[in-house]
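# Observations on the model geometry
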Amino acid sequence: MYIKEVTVKNEVGLHARPATFLIQKANEFKCGLWVEEGSRRINAKSLLGVLSMGIVQGATISIIGDGSDEVAAVDTLCKLIESDFEE
């Protein structure tokens with residue numbers, strides 16, 4: 001298991017468009033991926049799950065990976081969030 005924290009910079013947080021980018025990127029990896037904020041943990045490959053978290057700008061979240069490509073997956077998702085979803 002590999003865990004990394006990241007702060008959400010996007011002005012709308014992880015809603016609609018940014019959440020879609022996050023999920024599309026997460027689905028490129030084989031490992032299990034989760035987003036955790038406080039005591040809530042959801043599947044990072046689930047649009048409904050990510051949207052239900054209501055993550056806002058400035059929130060610090062953990063990206064958690066578990067599987068063969070966990071380090072690459074977590075690092076990639078964190079870079080995407082840190083870059084304000086610019087590719």
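Overview of the structure. (Residues numbered from 1 in each chain as written. Predicted model: local features only at pLDDT ≥ 70, side-chain atom pairs only at ≥ 80, totals over all residues. Heavy atoms only, no water.)

## Observations regarding the pairing of strand β3 (residues 40–43)
Regular strands place side chains that alternate from one sheet face to the opposite one. Filter applied, for reference: Pairing between two strands requires that DSSP report at least two bridges joining them. Per the convention used, a helix needs a DSSP run of H or I reaching at least four residues, while a strand needs a run of E reaching at least two, with both numbered from the N terminus.
Two strands pair when backbone bridges link them, and strand β2 (residues 32–37) and β3 are joined in this way by 4 bridges, in the antiparallel orientation. Among the inter-strand pairings, E36 is bridged to a residue of β3, identified as R41.

## Examining the sheet that holds β3
Using the following cut-off: Geometry is summarised by axes, namely lines fitted to C-alpha atoms with helices restricted to the contacting stretch, and by angles between N-to-C directions that run from 0 to 180 degrees. Every residue pair with non-hydrogen atoms within 4.5 Å of one another is taken to be in contact.
Across the sheet, which stays open at both edges, the 4 strands sit in the order β1-β4-β2-β3 with antiparallel pairing between neighbours. Lying at the two open borders of the sheet, with one neighbouring strand each, are β1 (2–7) and β3. Strand-to-strand, the axes of this sheet are offset by a mean angle of 25°, without reference to chain direction. Lying on the sheet, helix α3 (residues 70–82) is in contact with β1, β2 and β4 (60–66); it crosses β1 at an angle near 0°.

## Some thoughts on the nonpolar core
The following threshold applies: Only buried residues count toward a nonpolar core. Its members are Ala, Val, Leu, Ile, Met, Phe, Trp, Tyr and Cys residues joined through side-chain atoms within 4.5 Å. Three labels apply to residues, based on accessible area from a 1.4 Å probe with only protein chains included: buried if under 20% of the type maximum, exposed if over 50%, partly exposed otherwise in between.
If you look at the biggest cluster of nonpolar residues, it comprises 26 residues, and the most contacted ones within it are L33, I61 and I63. Looking at this core, the elements that each hand over two or more residues are α1 (16–26), β2, α2 (47–53), β4 and α3. When residues of this core are assigned to their parent elements, the largest contribution, 6 residues, is made by α3.

## Describing unusual backbone geometry
Unusually for a residue other than glycine, A16 sits at a positive phi of about 40°. As for its position among the elements, A16 is in helix α1. Not every positive phi belongs to a glycine, and D84 is a case in point at roughly 65°. Relative accessible area serves as the criterion here: at 32%, D84 is assigned to the partly exposed category.

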